[in-house]
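# A closer look at the structure
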Amino acid sequence: MSTTPANTTTAIELTTIGSTADLVNTDITRIDTAAISQSVLASGPEIIIIIGACVALMLSLVPHPRQDPLLAGVSVFMIVLAAGMSYGLADYPQTAYAGMFMVDGFSTYLKMILYLGTTLTVLMSGRYFHNNRLGKEGVFQGEYYALLLFALLGGMIMVSSTDLLLIYVGLELQALSIYVLTGFLKTDVRSNEASLKYIILGAFSSAILLYGMSLFYGLTGTTNLNGMAAALSTLDLSDPMLVLATLFMLVGLLFKVGAVPFHMWVPDVYEGAPSPITAYMSVVPKTAAFAVIIRLFMQDLSILQPIWILNMTGIAVLTMTVGSFVALVQHNIKRMLAYSSIAHAGFLLLGLVAGGENGMASILFYLLVYTFMTVGIFAIIILLNKDVTAGAPIEDFSGLAKNHPGLAIMSLIFLFSLAGIPPTGGFFAKFYLLAALIDEGHVVLAVIAVLLSAVAAWFYIRIIMLIYVQPPAQQTDIQLNLPIRAVLLIATIGTLMTGLLPAWFLDFIANSMPLGLG
Amino acid sequence: MTGSLMTPLLIENVPILSILIFLPAIAALLVPFLSGNNTVRWFTFTVLFIDFLIATWLLVIFDNSTAQMQFMESKAWVPSLGITYKLGIDGISVLFLFLTSLLGWICVLASWNAIAKRLKEFMICLLVIQSLMLGVFCALDLLLFYVFWEAMLVPMYLIIGIWGGEDRIYAAFKFFLYTLAGSLIFLVGILVLYFAGGRTFDILALMDASYDADLQRWVFISFLIAFAVKVPMVPVHTWLPDAHVQAPTAGSIILAGVLLKMGAYGFIRFSLPMLPDASHYFAPLMQGLSAVAIVYGGFLALAQQDIKKLIAYSSISHMGFITLGLFTFTINGTTGAVIQMFNHGISTGALFLFIGLVYERTHSRDIPAYGGLLKAVPFYGIFFALFLLSSMAVPGTNGFIGEILVLSGTFGVNNWAATAGVLGALLGAAYLLGIYRQILLGPIKIPGAAKMWDLNKRELCCALPLLIFVFWLGFYPKPFLSILQPTLKHLLEQTLGVSL
């Protein structure tokens, strides 16, 4: 397809546009059972998650005294099943659904992060709802877990799709599920406000993204990434329409990762959403959005790089700056972590600027580490923050070391990892990204990045002082249950192992690199 | 010190450096399971003392006829990025391993009763920082070095922040952020060097590679920022007085005894041999900054009322001698600098220890409030006086050997800086004799002095070994000099590019 001349792209376009319809048509005329079953098999993990979501929905209608653990168990079981299948499929890279869907090492690796993030979120949700007495109202639960699974599904589609339309479908599926989840605390004004804000701004950005996509379709005559790449090679890169299309698509995606100046929604939504959902948001949609950005701008459409590279550099620096400095003055831990996630997003965008295989690998590694440490710190916030209506002041952490030395030491690990201090994973992630940057000659950017991460360190170590120096706040009766213990354990081990034995993870990432990267 | 026969055996059989480094860290994992404060104290002490014995044994079997790295260990860590877990020591490192492990168990003794709250956490911090400091002196892989170097911030931050004085949180933040900012710039420099030196972090390989002058200068600046903060050199020294004043005694001892040395060690290990052209280019600047630090630190010390602050400023002045000696590129200057690093660890460590001991009794750091301690607690007074003399560089003490070597190396290279050095030595005599007079002589002023107790056995155990080294180095420095000789000669050959 790489040599497809311009006139035959029209044919491809016809088959890929609305390819569900095409599939049906071909079914009628010439039943290609092998292709269909191959496609179904390739998307097996997605199908498992759909089934899981439906089962969770149905089970939620059945009155059951221990509904919450049951649903959580079903969700985790289905995710593990899907993960197993993804792992098995990783050895058989293939395209499916007429070239719209792709199973490769890259998507498998990212799906693993999505599974991990979702599983950990599910595991810590029970404690959160128990703390906030929402579990007693019963009917919530099924929808909650089903929506989480649907959001996961959206993310999985995003990382696997090689077609703009399918990417958009995945993105919207994920976004819509999360809009609802954000407003899940029906009686809490903040949660409602966050949800509304998120919907309005999210719809706005989706529209921009969609507009960019449609411009691309107009320019290249296809929505398939391979076809687009082929068509783009014949186009003039200085074409204003192409520039506009690229920037629109970029803006839409940057909104999803919370890059400055498209970050306004992040603090409010992070603050208002239920804490497990905040953790989920900072991990799963972000990973999926970065997957799409990498797929589009570093792999298939890397030819567009001259158009966005300068903007991206500026945005990355701006994002890190705003994230780091504004986080300094936050009093709410969730708002602070929102800005911290903005700063981390800026750092990740630098990996894009670095480009190349190392840039990409460093983003992939960073996303994994980020998942461990962020989920870890949110699990602790969930344990500490009993009264959801009172917000989550940083002072919740005060004196944690006094009564709960174990939790204190875990917080210490997560916070130092977020600050990028060795020997935690956070350090190695930053180091690898800096190495990729400097390898490409961006030394000045690297210096800016490290100085800003020194600024960012301040707000993490401030919490550590609270934990160890201040007299205890009212957290004498922290109750750990088994799932949240598991979350904490996985997050701690993950954070430490990625720092101490990064080689193991890097090998995994090296295997997930796409072949023939330009 | 006849190790040539034993060394090969050792390398093959036991990863002795790894044991030395990780023994305290592994012990730290066990501390939470101990019960009873005394058990924790004795456990920590025993572990660190065993570590000290290992380090002493290393010093004894160290082969001081060669400048080669000894007791080398190497294991792949992140092969795809060229990172190895590589350890090895030369004459300089072996001396600092010894100093670090010596101060390690002294710190435990010094904190025996001084630390009342969160004893377990404190001892864990001491054990962990011990591991990391030893790791810094052993690392032969630049990234491994960096990991040890930067991870050290964590326990030190906690030691100052949790167990420090009234303004401890401010001091801890200041310490952390200064050092972190410096270190991160260092990291960028490391990466630039990594790509220029053929994608390896191996320190020995990076020493052999050659870099163009422009690159050397930039990398030198980035290293300088990190090391200058750590030493500390003027004008990035302002974190030190705060950190010293607020830190608990053990923290001050570690800070003065070992942490400050790491900046100078960085110059020796990286800047001089890897970036010789840049080192020459920046030598006048370095000599100038050192001279300023010596005089400025001295004057500041002269004006202090708080005894810990005074010693902190005197540290800045004394560290100035070290950087001055290093950047003369003469054998006397460099030897003097390294000896002075060791001395400063002993003498200033001892001074902070003694300040801590008297603070336990009187809870005051105000110099004018004291007086007549020589009468009230004679043993304490005599020891304290001897350490003051050693810090003053009186002939017959260790300080004299270091300073005289540095000054003799500097005269002829930079006479102005040497003159500043002499002035600094004079100032040193002034403020240290000032302490001597105000604290030890005269009438007993401090309330409750009658009830003060003299040094007990535990405190004597801390003080005696330090005192032994004061006079050993003062009267018979030859064993120390002969350990350093081949290494420093090799270092100068690398820096000057000629064979000596």
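Residues numbered from 1 in each chain as written. Chains lettered and ligands numbered in written order. Predicted model: local features only at pLDDT ≥ 70, side-chain atom pairs only at ≥ 80, totals over all residues.

### A look at the overall build of chain B
- A tally of helices and strands in chain B yields 21 helices and 2 strands.
- In terms of C-alpha radius of gyration, chain B reaches 21 Å, essentially the compact-globule figure of 23 Å for 500 residues.
- With the C-alpha coordinates aligned to their principal axes, the bounding extent of chain B is approximately 65 × 55 × 45 Å.
- Scored against the burial criterion, the 500 residues of chain B give a buried share of 62%. (Helix = DSSP H or I, 4+ residues; strand = E, 2+ residues; numbered from the N terminus. Rg over C-alpha atoms; globule rule 2.2 N^0.38 Å. Buried ≥ 20, exposed ≤ 12 C-beta atoms within 10 Å, placed from the backbone.)

### A word on the overall build of chain A
- If you tally the helices and strands in chain A, you get 22 helices and 2 strands.
- Counting the 518 residues in chain A, one finds 57% classified as buried.
- Partitioning the contacts of chain A with sequence separation of at least 6, the portion at a separation of at least 24 is 80%. (Contact = placed C-beta atoms within 7 Å.)

### With respect to the environment of L426 of chain B
- Here L426 of chain B shows up in helix 19 (residues 415-440).
- Between the C-alpha atoms of L426 of chain B and I268 of chain B, which are 158 residues apart in sequence, the distance is 27 Å.

### Some details on the packing of helix 15 (residues 331-362) of chain B against helix 20 (residues 457-475) of chain B
Residues and elements named next belong to chain B.
- Put simply, helix 15 and helix 20 touch, their axes get as near as 10 Å, and they point 150° apart. Classified by the angle between their axes, helix 15 and helix 20 sit roughly antiparallel to one another. In terms of crossing hand, the pair formed by helix 15 and helix 20 is left-handed. For the pair helix 15 and helix 20, contact is made by N343, I346, S347, G349, A350, L353 and L357 and by E459, C462, A463, L466, F469, V470 and L473, respectively. (Axes fitted to C-alpha atoms, helices over the stretch in contact; angles between N-to-C directions. Parallel < 35°, antiparallel > 145°, perpendicular 65-115°, else oblique. Left-handed = near helix turned anticlockwise from the far one by under 90°.)

### A few points about the pairing of strand 2 (residues 83-89) of chain B
Residues and elements named next belong to chain B.
- The element strand 2 is extensively covered by neighbouring structure, given that 6 of its 7 residues are classed as buried.
- Across 6 bridges, strand 1 (residues 70-78) lies against strand 2 in antiparallel orientation. Counted as the bridge partner of V78 is I83 from strand 2.
- The turn joining strand 1 and strand 2, which pair antiparallel and follow one another in sequence, is formed by 4 residues; a positive phi near 75° is taken by G82. (Pairing = 2+ DSSP bridges.)

### A word on the interface of chain A and chain B
- Facing 26 residues of chain A, the contacting portion of chain B comprises 26 residues.
- Only helix 19 (425-439), helix 20 (443-469) and helix 22 (502-511) of chain A provide two or more residues apiece to the side of chain A that touches chain B.
- Considering only residue class, the side of chain A that touches chain B consists of 24 nonpolar, 1 polar and 1 charged. (Nonpolar A, V, L, I, M, F, W, Y, C, P; charged D, E, K, R; others polar.)

### Topic: unusual backbone geometry
- Residue P261 of chain A follows V260 of chain A across a cis peptide bond; omega there is 5°.
- Here P261 of chain A shows up in the loop between helix 11 (240-257) and helix 12 (265-272).
- Of note, the amide linkage connecting V231 of chain B to P232 of chain B takes the cis form, showing an omega dihedral of -15°.
- As for its placement among the helices and strands, P232 of chain B is situated in the loop between helix 10 (213-230) and helix 11 (239-246).
- One non-glycine residue with positive phi stands out, namely A98 of chain A, at about 55°.
- Following the sequence through the fold, A98 of chain A ends up in the loop between strand 1 (94-96) and strand 2 (101-103).
- You can call A98 of chain A partly exposed: it has 18 C-beta atoms within 10 Å.
- Although it is not a glycine, A393 of chain B adopts a positive phi angle of roughly 70°.
- One can find A393 of chain B in the loop between helix 17 (378-392) and helix 18 (398-410).

### Structural notes on helix 17 of chain B
All names here are of chain B.
- The end-to-end C-alpha distance of helix 17, which contains 15 residues, comes to 21 Å, matching closely the 21 Å that a straight helix rising 1.5 Å per residue would cover.
- Along helix 17, the residues that are buried comprise Y380, G381, F383, F384, F387, L388, L389, S390, S391 and M392.
- Packed against the buried residues of helix 17 are helix 14 (307-326), helix 15, helix 16 (373-376), helix 18, helix 19 and helix 20.
- Remark: A393 follows helix 17 within two positions and exhibits a positive phi of approximately 70°. (Expected span 1.5 Å × (residues − 1).)

### Topic: the packing of helix 6 (residues 142-151) of chain B against helix 8 (residues 168-196) of chain B
Residue and element names in this part refer to chain B.
- Here helix 6 crosses helix 8 at 175°, and the two axes come no closer than 11 Å. If you check the angle between helix 6 and helix 8, you find them roughly antiparallel. Between helix 6, through L142, L143, Y146, W149 and E150, and helix 8, the contact on the second element is made entirely by S183, L187 and I190.
- Residues that form the contact of helix 6 with helix 8 fall into these classes: 6 nonpolar, 1 polar and 1 charged.

### A short note on helix 8 of chain B
Residues and elements named next belong to chain B.
- Its 29 residues give helix 8 an end-to-end C-alpha distance of 42 Å, which sits within 8% of 42 Å, the value for a rise of 1.5 Å per residue.
- Most of helix 8 sits inside the fold, with 22 of its 29 residues counted as buried.
- One or two residues past the end of helix 8 sits G198, with phi positive at roughly 90°.

### Remarks on the confidence of the model for chain B
All names here are of chain B.
- Per-chain confidence: chain B averages 88 in pLDDT, with 97% of residues scoring 70 or above.
- In the predicted structure, residues 1-6 sits below a pLDDT of 50 and forms 9 contacts with residues beyond four places in sequence or in another chain.
- Among the scores for the predicted complex, ipTM is 0.90 and pTM is 0.91. (pLDDT = per-residue confidence, 0-100.)

### Here we look at the nonpolar core
- Of all hydrophobic cores here, the largest spans 396 residues; its most connected members are F365, A379 and L434 of chain A.
- Of all the elements, helix 16 (residues 356-384) of chain A adds the most residues to this core, at 21 residues.
- When neighbours within four sequence positions are excluded, L434 of chain A is seen to be in contact with A446 and A449 of chain A together with L187, V188 and L191 of chain B. (Core = buried A, V, L, I, M, F, W, Y, C linked by C-beta atoms within 7 Å.)

### Things to note about the environment of P472 of chain A
All names here are of chain A.
- Relative to the helices and strands, P472 is located in the loop between helix 20 and helix 21 (482-500).
- For P472, a count of 14 C-beta atoms within 10 Å gives the class partly exposed.
- Through-space distance from the C-alpha of P472 to that of Q299 is 51 Å; in sequence the pair is 173 residues apart.
- In contact with P472, other than residues within four places in its own chain, are S398, G399, K402 and N403.

### A closer look at the environment of Y109 of chain A
- Here Y109 of chain A is to be found in helix 6 (residues 105-131).
- Separated by 179 residues in sequence, Y109 of chain A and A288 of chain A have C-alpha atoms that sit 11 Å apart.

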